[in-house]
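# Structural characterization, general
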Amino acid sequence: MLSRVAESIYWMGRQVERAENLARFLEVTLQMTLEHPDTLVDPWTPLVEVTGDQKEFAARYGRADPQNVVQFLGFDRDYSSSMVCCLRAARENARGVRESISTEAFEQLNDFYHFVRDAGPSQLSQPTGEFFVEIRNHALMWTGVLDSTMSHDLGWQFLNAGRLIERADKTSRILDAKYFNLLPRIEDVGTAVDDLQWSNLLLAISGFEAYRREHHLMDIEKIVSFFIFHKTFTRSIYACVAGADWSVREIHKQCDAEFPSASSNQIASLRHRLQSMDVKEVLSGGMHRFIDDLQTQLNEIGQAIANDYFNAIGSK
Amino acid sequence: MQQSQKSAADSSSFSPSDGSSERTKIVLPGYSTDAFYDELVEANGVARPDAEQLIRLFQEMPDGELSRRQQAIERLLYHMGITFTVYNDKTGTEKIFPFDVVPRIISSMLWKHIEAGLRQRISALNFFLCDVYNEQNIVKEGIIPEDLIKSAPGYLEACQGLKPFNDVWCHITGTDLVRDNSGAVYVLEDNLRCPSGVSYVLQNRHVMKRNFPQAFSASNVRPVNNYCSRLFQMLRDVAPPQVSDPTVVILTPGIYNSAYYEHSFLAQQMGIELVEGRDLVVDRDIVYMRTVAGLKRVDVIYRRVDDDFLDPKTFRKDSVLGVAGLMDAYRAGNVALANAPGTGVADDKVIYSFVPEMIRYYLGQEPILPNVPTYLCQRADDRKYVLEHLDELVVKPAGESGGYGLLIGPHSSKEERSEFAAKIKKNPRNWIAQPTLQLSRVPTAIDDKLEGRHVDLRPYILCSHPNDVWVLPGGLTRVALKKGSLVVNSSQGGGSKDTWVVAESGQDVATASSPST
């Protein structure tokens, strides 16, 4: 597989995942404001914080009201991480590697992009939950089409590594932003609003039902543990890292390399670290620091994959 | 794989008949051929025998149905992502290449004539390319003057003395054909460099089969879906002989090239890598591609990058689309290039005018398909005639293709004609002129009604050996959608149509249910 193609597929996986996560965050927040329009906690500012691009937002929009946030995260054609830009970039990458992904995958992504692009303007005047549900359906279809129409070869492994690294990153960001935002409000602990906030956090990663089945009651430690360490829930940080670890190992194997690669070493060590930790350690060391470290490591893994496979020049 | 059936004996009733009296005449109501040659109906509006099934379908269509199908097909093309981005549009608006739902139908008899003519022509052109870059016998014997060859912009000194594998230079050709008012077929251009459009042939067929299954099945159309297998086999056949299992790739200028969709489509259909110049590297005259597992050797390159941009070491220094050292690897016999660099010499319109001579010289045959009569302004007599008849002729620059920089005499102003007269006198070698042909027409869906529009035809020809020339039964029918226009180029309001070549008994027939790609 060409290095350029592998790189495009990897990024295509990340970009669609990024767009999907944005849709989830916006959807859950809209839902929440509909149910509790008078809620004291501002749900929109943390959403911008999730992206880490607060400065750009503040400079361009100022106030974090629903309209502005939906515009910024959803449809801003000048903000490179907005939903529509992510999908455009993903589709552009897909166009460059059309011959290496299935026809169905390209067509699904093509429809997905056009749906968001065409629906954009009307969503601005009237953001509805319906729209985000539709997006989630597109994203689920995308996942299904990839998994069932592409042979799980090198290309698919790069794609899988990309989307899981992105997903781990996004799960950690939403946890970070919400945790920061929710926890300091000691007076809310144990109230109905608090319960609702945490439920929404779980909904944002489609984990509400899975959590309820295991734990029934909302409990901060258990929720944090569910987010970070759950072994089998597909959007937990551990499950994402474990999946990406598998894909990176498969890539390494299929490339017939004699020596262990930096990327496979790094991701394996992150996985081991997560395996040997528990939620108490995370909370005592400080959640924010833990997530900061995690994001740094995920970035380094991404860089190592690029060095190992995308920039490979010269003979091996 | 291809699932075709042998046409049954009774299908001969759909072949051109001798106009037997029991045939019910099918007329396209309200349609006028306006005294042009129409591919589907005769002058009196009666359907030609091979078009009867199709015309009957249009007759029976309720109002609005034609538009509905047209729109359904446009939606499908949009969904398939067969689009190009509109330049200078920041919102990223995309358009499909215009497609018309009414196919062009070619009888088996006419096709036999076209096919034989193209095989003869490509064979002769390939002999010419071998000769002109080696012995130059055709020059020595005084058939083509040396200065005309040396002054052709597509002539590459760097290719002198080269012998591509299997002696094939023009592996893939897309010859442009036109028909005049009498229905006679002429060759307009040969396009021996990087002809594009074959992906539209395959995709047009795909959408037509989905939208007109009955008329398609009943019309006994020859399949086009084995093109990619043929292409792949040909590319393997012309690999360096020392390689037993050659690695074949397509070289594209990248996603911003207008034919990029086609490059990726062909790579996908053949299951081979689509590479850009930056994916390739030449080391000690061997071409490699950069893969995730290191460098991998490449043996055959179907290049869709023009000669000038192929190798900055040999040709244009500023090219970022090519690969430095590629020509050295080619000269060393370590890689095959399709088409071979240098084929552009025969695309020059002055050299084109000698193709009938080439056919006589190399094959000892009379040309089956005539050229459009061509006046060379280089010749004093021709020049005089051209300058006196500018208002009747089409004047073309010899080195251009794609309908650029021409003067269409009957549609021109006095100023334009004097401007061209000056250009011709200044550099006669660069100009040729041809009579303005009344191109044939095909009914075309315009606002839910059928109206005649002018068409040309680009068949695709593969050559894996000088004696093995294969013509895809069909081709790209380009249509000038503007009323009265003779310009079929997509940049100037042109669209395309599916092209149905009718099978003779015993030939494979495509079925509406067989996979198109």
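What counts, and where the lines are drawn
Residues numbered from 1 in each chain as written. Chains lettered and ligands numbered in written order. Predicted model: local features only at pLDDT ≥ 70, side-chain atom pairs only at ≥ 80, totals over all residues. Helix = DSSP H or I, 4+ residues; strand = E, 2+ residues; numbered from the N terminus. Buried ≥ 20, exposed ≤ 12 C-beta atoms within 10 Å, placed from the backbone. Contact = placed C-beta atoms within 7 Å. Rg over C-alpha atoms; globule rule 2.2 N^0.38 Å. Pairing = 2+ DSSP bridges. Axes fitted to C-alpha atoms, helices over the stretch in contact; angles between N-to-C directions. Nonpolar A, V, L, I, M, F, W, Y, C, P; charged D, E, K, R; others polar. Parallel < 35°, antiparallel > 145°, perpendicular 65-115°, else oblique. Left-handed = near helix turned anticlockwise from the far one by under 90°. pLDDT = per-residue confidence, 0-100. Domains from an automatic or database assignment. Core = buried A, V, L, I, M, F, W, Y, C linked by C-beta atoms within 7 Å.

Further remarks concern the overall build of chain A. Within chain A, the regular secondary structure consists of 15 helices and 0 strands. With 316 residues in all, chain A has 47% of them scored as buried. Pairs at least 24 residues apart make up 71% of the contacts formed inside chain A by residues separated by at least 6 positions.

A separate point is the overall build of chain B. Scanning chain B from terminus to terminus reveals 15 helices and 25 strands. For 517 residues, the compact-globule estimate of 2.2 N^0.38 gives 24 Å, and the C-alpha radius of gyration of chain B, at 23 Å, lies within 12% of that figure. Considered along the principal axes of its C-alpha atoms, chain B spans approximately 70 × 60 × 55 Å. The burial tally for chain B puts 46% of its 517 residues in the buried class. Counting only contacts in chain B whose residues sit at least 6 apart along the sequence, the fraction spanning at least 24 positions is 70%.

Residues and elements named next belong to chain B. Ordered by their spatial adjacency, 3 strands build an open sheet running β10-β11-β12, and the pairing between neighbours is antiparallel. Of all the strands in the sheet, the pair left with one neighbour each is β10 (280–283) and β12 (294–297). This sheet shows a mean twist of 40° between the axes of neighbouring strands, independent of strand direction. Sheet analysis places β10 next to strand β11 (residues 286–291), joined by 4 bridges and oriented antiparallel. Within β11, the residue paired with V282 across the bridge is V287.

Residues and elements named next belong to chain B. Cis rather than trans, the peptide bond between A338 and N339 has omega equal to -10°. Mapped onto the elements of the fold, N339 is located in the loop between β14 (336–338) and α12 (349–352). One non-glycine residue with positive phi stands out, namely D167, at about 55°. Residue placement: D167 occurs in the loop between α5 (146–150) and β5 (172–174). Phi at N220 is positive, roughly 55°, even though this residue is not glycine.

Let's shift gears to the interface of chain A and chain B. Counting residues at the interface gives 22 residues for chain A, matched by 20 residues for chain B. When contributions to the side of chain A that touches chain B are tallied by element, the ones reaching two or more residues are α1 (3–35), α5 (83–96) and α6 (103–125) of chain A. A breakdown of the residues in the side of chain A that touches chain B according to their chemical character gives 9 nonpolar, 4 polar and 9 charged.

Residues and elements named next belong to chain B. Within strand β18 (residues 431–435), 4 of the 5 residues are buried, which leaves the element mostly enclosed by the surrounding structure. Note that strand β15 (residues 375–376) and β18 share 2 bridges and pair antiparallel. Bridge assignment links L376 to a residue of β18, and that residue is I432. Relative to β18, strand β16 (residues 393–397) runs antiparallel, the two being bridged by 5 bridges. Within β18, the residue paired with V395 across the bridge is A433.

In this section: the sheet that holds β15 of chain B. Taken in spatial order, the 4 strands of this open sheet run β15-β18-β16-β17 (chain B), and their pairing is antiparallel. What marks the edges here is a single partner per strand, and that holds for β15 and β17 (407–408) of chain B.

Residues and elements named next belong to chain A. The N-to-C vectors of helix α13 (residues 262–276) and helix α15 (residues 287–310) enclose an angle of 160°; their axes lie 8 Å apart at closest approach. If you check the angle between α13 and α15, you find them roughly antiparallel. In the packing of α13 onto α15, the handedness of the crossing is left-handed. Across the interface between the two elements, A262, S263, Q266, I267 and L270 of α13 pack against Q297, E300, I301, A304, I305, N307 and D308 of α15. Among the residues forming the contact of α13 with α15, the class breakdown is 6 nonpolar, 4 polar and 2 charged.

Moving on, we get to the confidence of the model for chain B. Residues and elements named next belong to chain B. Here chain B averages 89 in pLDDT, and 92% of its residues register 70 or above. Taken element by element, the predicted model of chain B shows its lowest mean pLDDT in strand β1 (residues 5–6) (42) and its highest in strand β13 (residues 300–303) (98). This model gives residues 1–21 a pLDDT under 50, and the stretch forms 36 contacts once residues within four places in sequence are excluded. Model confidence for the complex is summarised by a pTM of 0.86, with the ipTM given as 0.79.

Structurally, A510 of chain B is set in the segment after β25 (508–509). In this structure the C-alpha to C-alpha distance between A510 of chain B and S219 of chain B, which are 291 residues apart in sequence, comes to 9.7 Å.

Moving on, we come to the domain arrangement of chain A. All names here are of chain A. The domains assigned to chain A are domain 1 (1–150) and domain 2 (163–316). In this assembly, 19 residues from domain 1 lie in contact with 21 residues from domain 2. For the side of domain 1 that touches domain 2, the elements supplying multiple residues, two or more each, are α1 and α2 (44–51). Examining the composition of the side of domain 1 that touches domain 2, we find that 13 residues originate from one element, α1, more than from any other.

In terms of burial, helix α9 (residues 260–270) of chain B is largely enclosed, as 9 of its 11 residues are buried. Considering only its buried residues, α9 of chain B is in contact with α6 (198–211), α8 (227–237), β8 (248–251) and β9 (273–275) of chain B.

This paragraph deals with the packing of α8 of chain B against α9 of chain B. All names here are of chain B. Between α8 and α9, whose axes approach to 9 Å, the crossing angle comes to 80°. For the element pair α8 / α9, the angle class is roughly perpendicular. For the pair α8 and α9, the contacting residues are C228, L231 and F232 in the first and L266, Q269 and M270 in the second. For the contact of α8 with α9, the residue count by class is 5 nonpolar, 1 polar and no charged.

So, on to the pairing of β12 of chain B. Residues and elements named next belong to chain B. Here β11 runs beside β12; their pairing, made up of 4 bridges, is antiparallel. The partner of R290 across the bridge, within β12, is L295. Two successive antiparallel strands, β11 and β12, enclose a turn made up of 2 residues.

Right, let's get into the nonpolar core. Ranked by size, the top nonpolar core spans 233 residues in total, and within it L87 of chain A together with L125 of chain B carry the most contacts. At 15 residues, α1 of chain A tops the list of elements feeding residues into this core. Each of domain 1 (1–150) and domain 2 (163–316) of chain A contributes no fewer than three residues to this core. Apart from the residues within four sequence positions on either side, L125 of chain B is in contact with C170, D190, L192, A346, V355 and M358 of chain B.

What follows concerns the environment of D245 of chain A. Residue position: D245 of chain A is located in helix α12 (residues 237–254). In this view, D245 of chain A contacts I267, A268 and R271 of chain A; residues no more than four positions away in its chain are not counted.

With 89% of its residues at a pLDDT of 70 or more, chain A has an overall mean of 86. The secondary-structure element of chain A with the lowest mean pLDDT is helix α9 (residues 192–204) of chain A, recorded at 76, while α12 of chain A shows the highest, at 95.

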